[in-house]
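# Chains, contacts and geometry: an overview
So you can see what is in the structure, the chains are spelled out below.
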Amino acid sequence: MADNAPIGVFDSGVGGLSVLREIRSRLPQESLLYLADSGYVPYGEKSPEFIRQRCRSIASFLLGQGAKALVLACNTATAAGIAELRELYPQLPLVGMEPAVKPAAQATRSGVVGVLATTGTLKSAKFAALLDRFACDVRVITQPCPGLVECIEAGELDAPATRALLESYVHPLIEQGCDTVILGCTHYPFIKPLLIEMLPATVTLVDTGAAVARHLETVLAARDQLGNGEAATRFWSSGDPGRLAAVLPVLWGECGMVADYPD
């Protein structure tokens, strides 16, 4: 039996739209709910307890909208909050994000991997565990990127300020010989064109949006919860709904109505 209830997806802001695009591409028959917690972006500078509180609140809201599964389309939210959500909702399909340390470690030829991520992700125990498990034989250069999420939130994907900020973060990775760079935040796939300009052609970029969509499909299929209905997508924002609506054509590829999240 098909389950045509929607899939709930959330992030600290617009970054999760990169994951939402992958889910739509992989599962075009699924209806989607997307909540941008832009009133509190970025999560990377917030405390783990604050992020857990946001995860609880948003999960409750999306489930109230009928979500059959939740995707935490944010590395920082996953690191801080997914374990608690799994305790609160043990029967609910929950899919999170994590930096692609394993595939990057397998892909590197120089043995040096760079990670662009938020401070919160890089400081998390989950990230440390990934390094211990998958990166013992490679050198990992971590680069926190304060301010970059805010540029992307504003839709300034190729602005001079965005370019200058990104160059300052990429330069140390190039200097230290990274041939593989992990995009450790769901916002960062939107600036891939800039990264491709700045990095040598031999450098491989790795992110996890497509892998998350594949995993979500596997989880739903195992539970006989794949949909086959007429798909629709609904949007909410805890910040200014107009700002999200303005960047949807650029980051999502379509216009859309955005409702105010009743926080």
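In this text the structure is predicted, and so the values were computed from the model without any measurement. (Residues numbered from 1 in each chain as written. Predicted model: local features only at pLDDT ≥ 70, side-chain atom pairs only at ≥ 80, totals over all residues. Heavy atoms only, no water.)

### A few points about the nonpolar core
What counts, and what does not: In plain words, nonpolar cores are sets of buried Ala, Val, Leu, Ile, Met, Phe, Trp, Tyr and Cys residues tied together by side-chain atoms within 4.5 Å. Accessibility here uses a 1.4 Å probe with only protein chains present; expressed as a share of the type maximum, an area under 20% marks a residue as buried, one over 50% as exposed, and anything in between as partly exposed. The criterion used for residue contact is that any of the two residues' heavy atoms lie within 4.5 Å.
In this structure, Leu 17 and Val 71 are the most contacted members of the largest nonpolar core, which totals 51 residues. Every residue in contact with Leu 17, bar those within four places of it in the chain, is listed here: Tyr 34, Phe 190, Phe 235, Leu 244, Leu 248, Leu 251 and Trp 252. Listed in part, the 22 residues of the second largest apolar core include Phe 10, Tyr 43, Ile 51 and Leu 92.

### Some remarks on the pairing of strand β1 (residues 7-11)
What counts here: Helix numbering and strand numbering both begin at the N terminus, where a helix is a DSSP run of H or I of at least 4 residues and a strand a DSSP run of E of at least 2. Here a strand pair is declared whenever DSSP counts at least two bridges between the two strands. Convention used here: a crossover is right-handed provided that the path from the first strand, over the helix, to the second strand proceeds clockwise when the strands point away from the viewer.
Of all the 5 residues making up β1, 5 are buried; the element is thus mostly covered by neighbouring parts of the structure. Side-chain alternation along β1 places Ile 7, Val 9 and Asp 11 on one buried face and Gly 8 and Phe 10 on a second face that is also buried. Alignment of β1 against strand β2 (residues 32-36), held across 5 bridges, turns out to be parallel. Among the inter-strand pairings, Gly 8 is bridged to a residue of β2, identified as Leu 33. Crossover handedness for the path β1 to helix α1 (residues 17-26) to β2: right-handed. Looking at chain direction, β1 and strand β3 (residues 69-72) are connected through 4 bridges and run parallel. Bridge pairing in β3 places Val 9 opposite Val 71.

### Structural notes on helix α8 (residues 160-175)
Our working rule: For a helix, the expected span equals 1.5 Å multiplied by the number of residues minus one. Bend, in this description, refers to the angle at a residue between axes fitted to the seven residues ending there and the seven starting there.
Compared with an ideal rise of 1.5 Å per residue, which puts 16 residues at 22 Å, α8 spans 22 Å between its outermost C-alpha atoms and is within 8% of the ideal. Tyr 169 marks the point of greatest bend in α8, at about 25 degrees, and the proline Pro 172 comes within the next four residues. For α8, the full list of buried residues reads Thr 162, Leu 166, Tyr 169, Val 170 and Leu 173. Of the surrounding secondary structure, the elements contacted by the buried residues of α8 are β5 (112-117), β6 (139-144), α7 (148-153), β7 (180-183) and α9 (192-198). Positive phi shows up at Gly 177, right after α8, with a value of about 85 degrees.

### Details of the packing of α1 against helix α10 (residues 209-222)
Here is the rule: As a rule, the C-alpha atoms of each element are fitted with a line to give its axis, helices using only the stretch in contact, and angles between N-to-C directions run from 0 to 180 degrees. Angle categories: roughly parallel below 35 degrees, roughly antiparallel above 145, roughly perpendicular from 65 to 115, and oblique for all the rest. Left-handed describes a crossing whose near helix is turned anticlockwise from the far helix through less than a right angle; right-handed describes the clockwise counterpart. Residues are grouped as follows: nonpolar covers Ala, Val, Leu, Ile, Met, Phe, Trp, Tyr, Cys and Pro; charged covers Asp, Glu, Lys and Arg; every other residue, Gly included, is treated as polar.
At a closest axis distance of 8 Å, the pairing of α1 and α10 adopts a crossing angle of 50 degrees. Overall, the two elements α1 and α10 adopt an arrangement that is oblique. By crossing handedness, the relation of α1 to α10 is classed as right-handed. Across from Val 19, Glu 22, Ile 23 and Arg 26 in α1, the residues of α10 making contact are Gly 209, Ala 210, Val 212, Ala 213, Arg 214, Leu 216 and Glu 217. Tallied by class, residues from the contact of α1 with α10 come to 6 nonpolar, 1 polar and 4 charged.

On their own, these measurements won't tell you what the molecule is for.
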